[in-house]
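# Reading the structure
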Amino acid sequence: MIISSHVPMTGQGAMKLEPNTVHVWTLLLGRQKKAAWSELPGVLCASERERFAKFTRQEDQIRFAENRRFLRSTIGRYTGEEPVDVRFGYGHKGKPYLVDHPWLKFNLSHTLDYAAIAVARDCHVGVDLESMRR
């Protein structure tokens, strides 16, 4: 298995993901400028907007929306779709999968400050982040 930090693009503008390769993406959360917070829910689907609205603290809403935007944007890089057009289904334990691209497997993990996404072709993949307390 190869973990790649250099991600080639195909001619169509979508990222190329070779078999037996895992791409790992990371994001430092909470760096969104206050002026752009109101734009975060715009990339969410209806069910995600409902989940977003249930958070009572603004920082939790922002963190949720940042994670979902990061996931949708990352997946869209491989499928060639706009982030808002990426469609998720959910397995019996709530694990998301791609409705229109079953060959593309992914896993998202996040802590308070970071998010990571692992992406692979035709094989299940996992990533885990944990906060270390001192």
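Right above here is the structure, for reference.
Now for a quick tour of the structure.

Definitions and cut-offs
- Residues numbered from 1 in each chain as written.
- Predicted model: local features only at pLDDT ≥ 70, side-chain atom pairs only at ≥ 80, totals over all residues.
- Heavy atoms only, no water.
- Buried < 20%, exposed > 50% of the residue type's maximum accessible area, 1.4 Å probe, protein only.
- Helix = DSSP H or I, 4+ residues; strand = E, 2+ residues; numbered from the N terminus.
- Pairing = 2+ DSSP bridges.
- Core = buried A, V, L, I, M, F, W, Y, C linked by side-chain atoms within 4.5 Å.
- Phe/Tyr/Trp six-rings, centres within 6.5 Å; stacked < 30°, edge-to-face > 60°.
- Lys NZ or Arg CZ within 6 Å of the ring centre and 35° of its normal.

## A closer look at the pairing of strand 6 (residues 114-121)
With six of its eight residues buried, strand 6 lies for the most part within the structure. Sheet analysis places strand 2 (residues 21-28) next to strand 6, joined by seven bridges and oriented antiparallel. Bridged to V24 within strand 6 is A118. Here strand 5 (residues 104-110) runs beside strand 6; their pairing, made up of seven bridges, is antiparallel. Looking at strand 6, one finds that L108 is bridged to I117.

## What to know about the nonpolar core
Judged by nonpolar contacts, the single largest core of 16 residues is most densely connected at I75, Y78, L98, L104, F106 and V119. Counting residues per element, the ones that place at least two in this core are helix 2 (58-79), strand 5 and strand 6. The element best represented in this core is helix 2, accounting for four residues. Counting residues in each nonpolar core, the second largest holds six residues, with A118, A120, V125 and V127 among its members.

## Remarks on the packing of aromatic side chains
One pass over the structure, following the stated rule, counts two aromatic pairs. Between F55 and F64, the ring centres sit 5.4 Å apart and the planes meet at 40°, which makes this aromatic pair tilted. When the ring of F88 is compared with that of F106, the centres are 5.8 Å apart and the planes differ by 65°; the resulting orientation is edge-to-face. Taken as a pair, F88 in strand 3 (residues 88-90) and F106 in strand 5 lie far apart in primary sequence, 18 residues in all. Here F88 matches F106 in class, with each residue buried. The lysine or arginine in question, R68, covers the ring of F88, its NZ or CZ lying 5.1 Å from the ring centre. For the cation-ring pair, R121 lies above W103, with the distance from its terminal atom to the ring centre recorded as 4.5 Å.

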